[in-house]
Every structure is written in structure tokens, then in C-alpha cells.
Amino acid sequence: MKIDSVCVFCGSNIGNDPQFSSSAQDLGHRLAESGIRLVFGGGHIGLMGVVADAVLEKDGDVTGVIPASLEERELAHPGVKEMHIVESMHIRKALMAELSDAFVALPGGLGTFEELCEIMTWAQLGIHQKPIIILNVNEYYSSLLNLIDHAIEKEFMSQKHRELFHVAESVDDLMQILKNRIQPDT
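Every value quoted in this text rests on a predicted model; they were computed, and no experiment measured them.

Student: Describe the overall build of the protein chain, naming the residues involved and giving the relevant values.
Tutor: Per the secondary structure count, the protein chain includes eight helices and seven strands. Taken over the C-alpha trace, the protein chain has a radius of gyration of 16 Å; the compact-globule value for 186 residues is 16 Å, and the two agree within 12%. Structurally, the protein chain occupies a C-alpha span of about 45 × 35 × 35 Å along its principal axes. Out of the 186 residues in the protein chain, the part that is buried amounts to 48%. Here the protein chain has roughly 9600 Å² of accessible surface; of this, 50% comes from carbon and sulfur atoms.

Shown next, in the form of C-alpha cells:
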């Protein structure tokens with residue numbers, strides 16, 4: 001499967017570690033340089049804005065998907081030409097999934113956690129077989145990964161579900177995972 005587009009889930013804040021923003025910027029640059037379209041939540045703030053700005057800086061393709069309620073609060077990224085305005089968060093997530101060949105989670109809060117868990121659940125249920133990559137910047141997701149391992153140990157999850165996603169410790173690792181998933185079209 002050729003990876004033409006990657007959905008990035010990430011925070012509407014930048015967090016308190018400069019590595020979060022620099023990783024988001026690096027990812028955006030690398031996606032653009034690789035000819036991979038960014039699909040994201042459409043906002044101009046936080047890590048969402050950082051990753052979108054980085055793709056745009058390198059003349060890459062960006063598709064935003066934002067609910068009308070957030071667009072009305074002037075949170076939509078003004079530099080993104082392909083912006084889908086949708087009615088709800090549910091429609092937003094479904095459209096982002098439909099438009100994407102892979103998913104990446106950068107640091108974020110409850111919304112990012114929810115998007116990541118939902119896309120992993122959809123993989124568990126067989127709704128999609130697209131790659132899911134957690135970018136564990138400075139061990140941001142280590143506690144979540146420990147919780148998943150705990151759920152496996154307590155038999156609320158199967159070990160095979162742990163294999164539904166990859167963990168990258170750097171943008172280089174992440175890009176290598178994407179590269180390894182690219183297969184020639186048959």
C-alpha cells in the first residue's frame with residue numbers, strides 16, 4: 001500500500017517541552033519532502049498549527065477537517081486551501097480517517113488521546129488496516145503504553161492488539177516505519 005496521506009492527531013496547545021514543537025515541525029517538513037499529504041484537524045493553534053505550517057513552508061499538500069463550531073471561533077488555519085468544514089467531531093474523525101492512508105499521534109491532550117484510541121479500536125475491530133504510529137517524543141506516551149501493557153497483562157486486551165500500532169522514538173524512526181509500509185502498487 002502506498003502512503004500518500006497521513007492523518008496527524010496532536011494537541012491544540014504546544015506543551016511545555018520545546019521538543020514537542022520541534023518534532024511537529026520536523027514531521028511536517030519530512031512529510032512535505034516525501035510528497036505525503038498532511039490530513040489534520042484544521043486548526044492554526046498548538047501543535048496542529050506547527051505541523052501544518054511546516055508542511056506549507058515546504059510547499060506540501062495539507063487537508064484540514066474542522067467542525068463549523070471551531071471554524072466560527074476563528075481557529076481554522078488561514079493558510080490551508082483544502083479545508084473541509086463539517087457538522088460535528090464525529091464527522092470530522094470519520095472524514096479524516098477516510099482521507100488518510102496512515103495515522104500518527106504527536107503529543108496532545110484528551111482530544112488526541114480519544115482520536116488515537118478510537119483509530120486503534122477501529123483497527124482492532126477490522127474497520128481499517130492502516131498503519132498507526134505513536135511518536136513518543138521524550139517518552140510522552142510511555143504511561144499510555146504501560147497502561148496498554150497492563151490491560152494485556154490483566155487480559156482485557158490480547159497481545160495481538162498491541163501489534164496494531166507502532167511506536168517511534170524519533171521522526172527518523174517514524175519516517176522509516178512509513179517507508180517500510182510503502183509497497184509498490186500491484
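So that's the structure; there's more coming.
Student: Talk me through the sheet that holds strand S2 (residues 37–40); I want residue IDs and the actual numbers.
Tutor: Read from one edge to the other, the open sheet built from seven strands follows the order S4-S3-S2-S1-S5-S6-S7, with strand pairing classed as parallel. Here the strands that pair on one side only, and so sit at the sheet edges, are strand S4 (82–86) and strand S7 (166–168). Between one strand axis and the next, the sheet turns by 25 degrees as a mean value, whatever way the strands run. Where strand S1 (residues 5–9) lies against strand S5 (residues 102–105), four bridges are found, and the strand directions are parallel. Residue pairing across strands places phenylalanine 9 opposite alanine 105, the latter belonging to S5.

Student: Talk me through the pattern of salt bridges; I want residue IDs and the actual numbers.
Tutor: Under the counting rule described, the total for this entry stands at six salt bridges. Notably, a salt bridge pairs lysine 93 with glutamate 118, separated by 2.8 Å at the nearest N-O pair. A residue pair is termed long-range when its members are at least 10 positions apart, and lysine 93 in helix H4 (residues 89–99) and glutamate 118 in helix H5 (residues 110–124) qualify at 25 residues. With a relative accessible area of 23%, glutamate 118 lands in the partly exposed category.

Reading the values: the criteria
Residues numbered from 1 in each chain as written. Predicted model: local features only at pLDDT ≥ 70, side-chain atom pairs only at ≥ 80, totals over all residues. Heavy atoms only, no water. Helix = DSSP H or I, 4+ residues; strand = E, 2+ residues; numbered from the N terminus. Rg over C-alpha atoms; globule rule 2.2 N^0.38 Å. Buried < 20%, exposed > 50% of the residue type's maximum accessible area, 1.4 Å probe, protein only. Areas by Shrake-Rupley, 256 points an atom, 1.4 Å probe, with all protein chains shown as cover. Pairing = 2+ DSSP bridges. Axes fitted to C-alpha atoms, helices over the stretch in contact; angles between N-to-C directions. Salt bridge = Lys/Arg side-chain N within 4 Å of Asp/Glu carboxyl O.

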